[in-house]
Amino acid sequence: KSFLDDYGESCLVYPWDPALLEGTTAENSKLDRYIAQGGTRLVAYLAMWRRKPAAENLIMQGYGLLVDQLIDKEQHTGTYDRHKGIPKLAAINWKEKKPHRMMHMSKAEFKKMAPYMTVGKFEMLTWARENGLEVQLPEGLDRLEKLGSYHAREMLTLTGPRAFWKAVLYMDRQGADFILLRDYWKMAGQLKMDLEDAQVRWPKDLKAAHDRVAVRQQQEKDAILKKHFEERLVELERFSWMADGILIRPAATEAELRQEGKILHHCVASYAKNHADGKTAIFFIRRVDAPADPWYTLELDEKELRVRQNRGKHNCAKTEEVQEFENKWVAWLQAARKRKPKRHNKKGMTAA
């Protein structure tokens, strides 16, 4: 057979024969066993073995394929170029000489996991043990792989080591994924629910509890949005105006914005929160004889008294009539801003 391997600056293709190593310093490297167990990175393995001769202990115990996967993962850095240099395999505890301790396992675990230990399982096991998590093999590793390394790390920050496995087993019983549990806890916390209470933290029906708090949270958001719309209506009412059979007034509610967008087929509803928070100002342009019928929708920059956009049905441009009305309205706003407020003396008389 021919083997392809990369090491340093060289790419080598060569036939393999065990006799090649007889009489060399690599005669006891167990390269033949490494190959028999599925190893393919021959040059990389030999280079690593020279630095870490204890690697042959892993090969003798049937972990050649895992060593090969670790080498391959370290060499492939996400680009087409291989990582240069001798593989380090930092996940292995090279300070230990006994194979099971090198792999962060007991003797029984080491023997049990040899047939199907993968690089993903090994890295998850290493991470778990480094973070104080006890892992029952092989069931615990299967659960960790199902959870995924990213979510496992996030879960640990939420639960700590003591409650980590309780959360994992709870999700299994509920038939739920991490995202559902995480979002439930997040929403419950935002609603000031007592997550120290076991019945709150571990509800009998997670999905139903998630849906309930989602509804409560939306109701609270809707109430806050409604209040902000009411406050904005008071602030913007002074901009209401009428001329030439046309009127303009501020949006009063989120429902009005949604209706405006639905009838005129544009996306003004997406401006609701920014309008309520004072980041922009949305106004409705109507004909005086049809004040309830959406016609044009205008966005105003309050500070500059400048129209950002003014669109009709299907985002159509302004007619000359609407443009003329807009010009007059903006001129009226600017003139009102320039007028100085009247001052009054103590007796209530207007001062000159």
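Before reading on, note that the structure itself is shown above.
Residues numbered from 1 in each chain as written. Predicted model: local features only at pLDDT ≥ 70, side-chain atom pairs only at ≥ 80, totals over all residues. Heavy atoms only, no water.

### With respect to the overall build of the chain
Note the cut-off: Per the convention used, a helix needs a DSSP run of H or I reaching at least four residues, while a strand needs a run of E reaching at least two, with both numbered from the N terminus. Each radius of gyration is computed over the set of C-alpha atoms, and the globule rule expresses the reference value as 2.2 Å times the number of residues to the power 0.38. Remark: exposure states derive from per-residue accessible area (1.4 Å probe, protein chains only) relative to the maximum for the residue type, with buried under 20%, exposed over 50%, and partly exposed in between. By definition, residues are in contact when any of their heavy atoms lie within 4.5 Å. Throughout, the Shrake-Rupley method with a 1.4 Å probe supplies accessible areas, and for residues the shown protein chains are the sole cover considered. Think of it this way: Lys and Arg go in the positive column, Asp and Glu in the negative one, and His and the chain ends go nowhere. Each charge is placed at NZ for Lys, CZ for Arg, CG for Asp and CD for Glu.
Regarding its fold elements, the chain presents 15 helices and seven strands. Here the C-alpha radius of gyration of the chain, 35 Å, is well above what a compact globule of 352 residues would show, namely 20 Å. Each principal axis of the C-alpha distribution contributes one length, and for the chain these read about 110 × 55 × 45 Å. Looking at the chain as a whole, 39% of its 352 residues are labelled buried. A fraction of 55% describes how many contacts in the chain between residues 6 or more apart in sequence connect residues 24 or more apart. Of the roughly 21200 Å² of accessible surface on the chain, 53% is carried by carbon and sulfur atoms. Separation between the mean location of the 61 positive side-chain charges and that of the 50 negative ones in the chain comes to 5 Å.

### Comments concerning the nonpolar core
To keep things clear, this is the line we draw: In this description, a nonpolar core means a group of buried Ala, Val, Leu, Ile, Met, Phe, Trp, Tyr and Cys residues linked to one another through side-chain atoms lying within 4.5 Å.
Residues Tyr-45 and Phe-164 are the most contacted members of the largest nonpolar core, which totals 65 residues. Ranked by the residues each element gives to this core, the list is headed by helix H9 (residues 149-174), at nine residues. Apart from residues lying up to four places away in sequence, Phe-164 is in contact with Trp-127, Leu-133, Leu-144, Leu-147, Ala-152, Met-155, Leu-156 and Thr-159. One finds Phe-239, Ile-248, Tyr-296 and Trp-329 within the second-largest nonpolar core, a separate group that totals 20 residues.

### Quick look at the environment of Phe-325
Following the sequence through the fold, Phe-325 ends up in helix H15 (residues 320-338). Sequence-wise, Phe-325 and Met-171 are 154 residues apart; in three dimensions their C-alpha atoms are separated by 61 Å. In this structure, Phe-325 is in contact with Trp-241, Ala-243, Ile-246, Leu-247, Ile-248 and Ile-285, ignoring residues within four places of it in sequence.

### Side note on the pairing of strand S7 (residues 306-311)
To keep things clear, this is the line we draw: When DSSP finds two or more bridges between a pair of strands, those strands are recorded as paired.
For strand S6 (residues 296-301) and S7, the ladder comprises five bridges, and the chain directions are antiparallel. By the bridge assignment, Leu-300 is partnered in S7 with Val-307. Hairpin remark: S6 followed by S7, antiparallel, with four residues in the connecting loop; positive phi at Leu-305, about 50°.

### A closer look at the packing of helix H10 (residues 178-190) against helix H12 (residues 206-236)
The cut-off we apply is this: Lines fitted to C-alpha atoms define the axes here, with helix axes fitted over just the stretch in contact, and angles between the N-to-C directions of these axes take values from 0 to 180 degrees. Under this scheme an angle from 65 to 115 degrees is roughly perpendicular, one under 35 degrees roughly parallel, and one over 145 degrees roughly antiparallel; angles in between are oblique. Note on convention: near helix rotated counterclockwise from far helix by under a right angle means a left-handed crossing. Clockwise means right-handed.
Viewed as axis vectors pointing N to C, H10 and H12 meet at an angle of 40°, and their least axial separation amounts to 9 Å. Of the possible angle classes, the one that applies to H10 and H12 is oblique. In this structure, the crossing between H10 and H12 has a hand that is left-handed. Counted together, Leu-180, Leu-181, Asp-183, Tyr-184, Met-187 and Gln-190 of H10 and Leu-206, Lys-207, Ala-209, His-210, Val-213, Ala-214 and Gln-217 of H12 form the full contact between these two elements.

### Brief notes about the pairing of S6
Here S6 lies mainly inside the structure; six of its six residues are buried. Residues Tyr-296, Leu-298 and Leu-300 line one face of S6 and the alternating positions Thr-297, Glu-299 and Asp-301 line the opposite face, and both faces are buried. Alignment of strand S5 (residues 281-287) against S6, held across five bridges, turns out to be antiparallel. Pairing of Ala-281 across the sheet is with Leu-300, part of S6.

### Structural notes on the pattern of salt bridges
How we decide: One side-chain nitrogen of Lys or Arg within 4 Å of one carboxyl oxygen of Asp or Glu is enough to make a salt bridge.
The full count for this structure, using the stated rule, is 26 salt bridges. Residues Glu-235 and Arg-232 are paired through a salt bridge, measuring 2.9 Å at the closest nitrogen-oxygen approach. Separated by three residues within a single helix, Glu-235 and Arg-232 lie in helix H12, roughly one turn from each other. A salt bridge links Lys-273 to Asp-277; the shortest N-O distance between them is 2.7 Å. Accessibility expressed as a relative area gives 53% for Lys-273, which makes it exposed. Classification of Asp-277 by relative accessible area gives partly exposed; the value is 32%. Three or more residues are tied together by salt bridges with common partners; here these are Glu-299, Asp-301, Arg-306 and Arg-308.

### Let's talk about the packing of aromatic side chains
Here a ring pair, both rings aromatic, is described through the centre-centre distance and the interplanar angle of the planes. The criterion, for reference: Aromatic rings from Phe, Tyr and Trp, with only the six-membered ring used for Trp, were paired whenever their centres fell within 6.5 Å, and each pair was classed as stacked if the ring planes differed by under 30 degrees, edge-to-face if by over 60, and tilted otherwise. Distance and angle both matter: a charge sits over a ring if NZ of Lys or CZ of Arg is within 6 Å of the ring centre and within 35 degrees of the ring normal.
Counted under the stated rule, the structure contains 11 aromatic pairs. Note on Trp-185 and Trp-202: the rings are 5.5 Å apart at their centroids and 80° apart in plane angle, and the pair reads as edge-to-face. Of this pair, Trp-185 sits in helix H10 while Trp-202 sits in the loop between helix H11 (198-201) and H12, and the two are 17 residues apart along the sequence. On the accessibility criterion, Trp-185 (6% relative accessible area) is buried. By relative accessible area, Trp-202 is classed as buried at 14%. An angle of 85° between the planes, with centres 6.0 Å apart, marks the rings of Phe-239 and Phe-283 as edge-to-face. Residue Phe-239 is located in the loop between H12 and strand S3 (241-243), and its partner Phe-283 is located in strand S5; the two are separated by 44 residues in the primary sequence. For Phe-283, a relative accessible area of 0% gives the class buried. Through successive ring pairs, a cluster of aromatic residues spans Trp-127, Phe-164 and Trp-165. In this structure, Arg-201 is placed above the aromatic ring of Trp-185, and the distance from its NZ or CZ to the ring centre is 4.1 Å. Geometry around Trp-295 places Arg-287 over its ring, the cationic atom sitting 3.9 Å from the centre.

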